[in-house]
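Next come the chains, spelled out residue by residue.
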Amino acid sequence: LIAVALAFALACLCVASLALWERHRLRLQLAEVAHRLTGSDAPSLGELVGLIDRQAARLAEMGTIQQQRSDRVRLALDSVPMGVVVADAAGTVVHRNEPARVERELGHTGALVESALEEVLADALAGRAAERQLQLFGPPRRSLVVRASPLLHEGRSLGSVAVIEDLTDRERLAAMRRDFIANVSHELKTPIGAIGLLAETLLGEPDDEVRDRLLERTNAEAMRVARIIDDLLDLSAIEYDEDAQRAAVAVAEVINTALERVGETAALRETKLRAAEGAEDLLVLGDRRQLVRALVNLLENSIKYSPEGSEVVIETARTLPGFVELAVKDSGIGIPARDLNRIFERFYRVDQARSRASGGTGLGLSIVSHVARNHGGQVLVDSREGEGSTFTLRLPLHDERGDLR
Ligand code: ADP
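I will try to describe carefully the structure that is included in this document. Bear in mind that the values here come from a model prediction, so they are computed numbers and not experimental data.

### Here's the deal with the pattern of salt bridges
In total, this model carries 27 salt bridges according to the counting rule given. Taking the shortest distance from any N to any O, the salt bridge between aspartate 71 and arginine 74 comes out at 3.3 Å. Of this pair, aspartate 71 and arginine 74 both sit in helix H2 (residues 45–78), 3 residues apart, which is roughly one turn of the helix. One salt-bridge network, in which partners are shared between bridges, spans Glu119, Asp123, Arg128 and Arg132.

### Observations concerning the sheet that holds strand E4 (residues 142–153)
Across a sheet, strands are paired by hydrogen bonds formed along the backbone, either parallel or antiparallel in direction. If you walk across this open sheet you meet the 5 strands as E2-E1-E5-E4-E3, and the pairing is antiparallel. On the outer flanks of this sheet lie strand E2 (93–96) and strand E3 (130–136), each paired with one strand and no other. Geometrically, the sheet is characterised by an average inter-axis angle of 20° between neighbouring strands, direction not taken into account.

### Brief notes about the site of the ligand
Looking at the ligand, there are 21 residues lining it, with Asn301, Tyr305, Ser355, Gly362 and Leu365 nearest. A distance of 2.9 Å separates an oxygen atom of the ligand from a polar backbone atom of threonine 361. A distance of 3.4 Å is found between a nitrogen atom of the ligand and a side-chain nitrogen or oxygen belonging to serine 389. A total of 530 Å² of accessible area belongs to the ligand in isolation, and the protein chains cover 98% of it. Counting residues per element, the shell around the ligand draws most heavily on helix H8 (residues 288–304), which supplies 3 residues. Among the residues forming the shell around the ligand, the class breakdown is 9 nonpolar, 9 polar and 3 charged.

### Focus: the nonpolar core
Counting residues in hydrophobic clusters, the biggest one holds 45 residues, and the most contacted among them are Val251, Ile255, Leu295, Leu299 and Leu393. Elements represented by at least two residues in this core include exactly helix H5 (168–203), helix H6 (208–239), helix H7 (251–268), H8, strand E9 (311–318), strand E10 (323–330), helix H10 (364–374) and strand E12 (388–398). Top element by residues in this core is H8. It accounts for 8 residues. Excluding residues that lie within four positions of it along the chain, leucine 295 makes contacts with Val254, Ile255, Ala258, Ile314 and Val328.

### Focus on the packing of H7 against H8
When two helices pack together, their arrangement is given by the angle between their axes and by how far apart the axes lie. Between H7 and H8, the shortest axis-to-axis distance is 9 Å and the interhelical angle comes to 40°. If you check the angle between H7 and H8, you find them oblique. In the packing of H7 onto H8, the handedness of the crossing is right-handed. Two secondary-structure elements touch here, H7 through Glu253, Val254, Ile255, Thr257, Ala258, Leu259, Arg261, Val262, Thr265 and Ala266 and H8 through Arg288, Leu291, Val292, Leu295, Val296, Leu299, Glu300 and Ile303. Residue composition of the contact of H7 with H8, by class: 12 nonpolar, 2 polar and 4 charged.

### Quick notes on helix H4 (residues 107–125)
For H4, spanning 19 residues, the distance from its first C-alpha to its last is 27 Å, which sits close to the expected 27 Å at 1.5 Å a residue. When we look at burial in H4, the residues that qualify are Thr109, Gly110, Val113, Glu114, Ala116, Leu117, Val120, Leu121, Asp123 and Ala124. Residues of H4 that are buried make contact with strand E1 (83–87), E2, helix H3 (98–104), E3, E4 and strand E5 (156–166). Just past H4, the residue glycine 127 takes up positive phi, approximately 95°.

### Observations regarding H8
Between its first and last C-alpha, H8 extends 24 Å over 17 residues, near the 24 Å set by a 1.5 Å rise per residue. Counting buried residues along H8, 14 of its 17 residues qualify, which places the element largely inside the surrounding structure. Near the N-terminus of H8, the side chain that reaches the backbone nitrogen of arginine 289, with its oxygen 3.2 Å away, is that of aspartate 287.

### A look at the packing of H6 against H10
Their axes nearest at 9 Å, the elements H6 and H10 cross at an angle of 20°. By the angle class used here, H6 and H10 are roughly parallel. For the pair H6 and H10, the crossing hand works out as left-handed. Together, Asp231, Asp234, Leu235, Ile238 and Glu239 of H6 and Ser366, Ile367, His370, Val371 and Asn374 of H10 make up the contact between the two elements.

### Things to note about the side chain of histidine 375
Here histidine 375 shows up in the loop between H10 and strand E11 (378–384). For histidine 375, a relative accessible area of 7% gives the class buried. Beyond its immediate stretch of four places on either side in the chain, histidine 375 contacts Arg246, Leu285, Gly286, Asp287, Gln290, Leu291, Leu395 and Pro396.

Calculation notes
Residues numbered from 1 in each chain as written. Predicted model: local features only at pLDDT ≥ 70, side-chain atom pairs only at ≥ 80, totals over all residues. Heavy atoms only, no water. Salt bridge = Lys/Arg side-chain N within 4 Å of Asp/Glu carboxyl O. Helix = DSSP H or I, 4+ residues; strand = E, 2+ residues; numbered from the N terminus. Pairing = 2+ DSSP bridges. Axes fitted to C-alpha atoms, helices over the stretch in contact; angles between N-to-C directions. Near = heavy atom within 4 Å. Polar contact = N/O pair within 3.5 Å; in protein donor to acceptor, adjacent residues only side chain to side chain. Areas by Shrake-Rupley, 256 points an atom, 1.4 Å probe, with all protein chains shown as cover. Nonpolar A, V, L, I, M, F, W, Y, C, P; charged D, E, K, R; others polar. Core = buried A, V, L, I, M, F, W, Y, C linked by side-chain atoms within 4.5 Å. Buried < 20%, exposed > 50% of the residue type's maximum accessible area, 1.4 Å probe, protein only. Contact = heavy atoms within 4.5 Å. Parallel < 35°, antiparallel > 145°, perpendicular 65-115°, else oblique. Left-handed = near helix turned anticlockwise from the far one by under 90°. Expected span 1.5 Å × (residues − 1).

What follows is the structure in structure tokens.
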């Protein structure tokens, strides 16, 4: 029994000393690692754990900073107003910003854009910048360009980047500018050509009476050129809202000033002008000159496009909450339904000859619609061919305290 007990005790001692030795060996190993890491002599286990903890915390911090950096780049790319697609050196798409994701989701056109993207990215991976133009017939009709270039770093390819740009608005503006220049040139060419011809005829004209008539016509054509140029300058100033003075303007005052301005033209055509009641105490916030100009244009049109001796009425009413409407009503020739949505375009006329004969430049209603827009309002038209027209200027009301009513 004693021998068994002794053997057991010896075995226990052996196990205990083995465990002690193992712990010692581990300590020595850790100390060596610590020594390698820090260069210091045999740090304690506590110091070692602290060191590892600090390293782990630093790594976590670096990870967060890295994450923030990539989030920042991702968000910045998402806010770029064009699609951006990045591919790695193997040609796999590794990033697509928000506009590029939206573009891909657009059904049939999305597929066309994707195939153009694949082509240009492949070219860029081969080291060539590439570009594809896409005309998408929609609707809506759109014009896109997809461009890609290689991403090279110290002569090594890191992949390629492609951008998808929508050129629709830019092309539309360029077309509008071209049309506008062509229209202005045409509008000016006609009277200037006439002046040239008249001057030529005048040179050899012996008859005083005929010369006077020719001179009168020359003068009329010159006035027309001046009117077109004046209207163009006004339209451009009003379009850019240049020199606009914002102040509380009495609606009644705008009406009275406009009526005074057109008094002479109305008298020539024996048109009766009448302002119905309703404008008292109403104020709008805006530019007095622009507002008068808009109302004058509407009144002049009503006078021009109505038979002699007819009546033109201005009615004022508070309609929608916070708005005043100035309606210019005539019982003139009216406007065919097919032309109604085009009459606010520059130089658009229903009847070219009639407009020119009555001194029109084709810019009057464009000016009115820009004035309405500058004042947060709009211009509406209700017209029937052969019966008459009502043009309504709708403007936000203003009170003395500066609040909208
Ligand atoms: P214009 O100088 O030719 O009058 P506007 O821009 O003022 O140019 O008007 C565009 C066209 O709209 C006119 O040419 C005319 O055909 C039509 N129009 C405008 N106002 C009236 C109206 N009160 N009655 C009938 N037609 C009108």
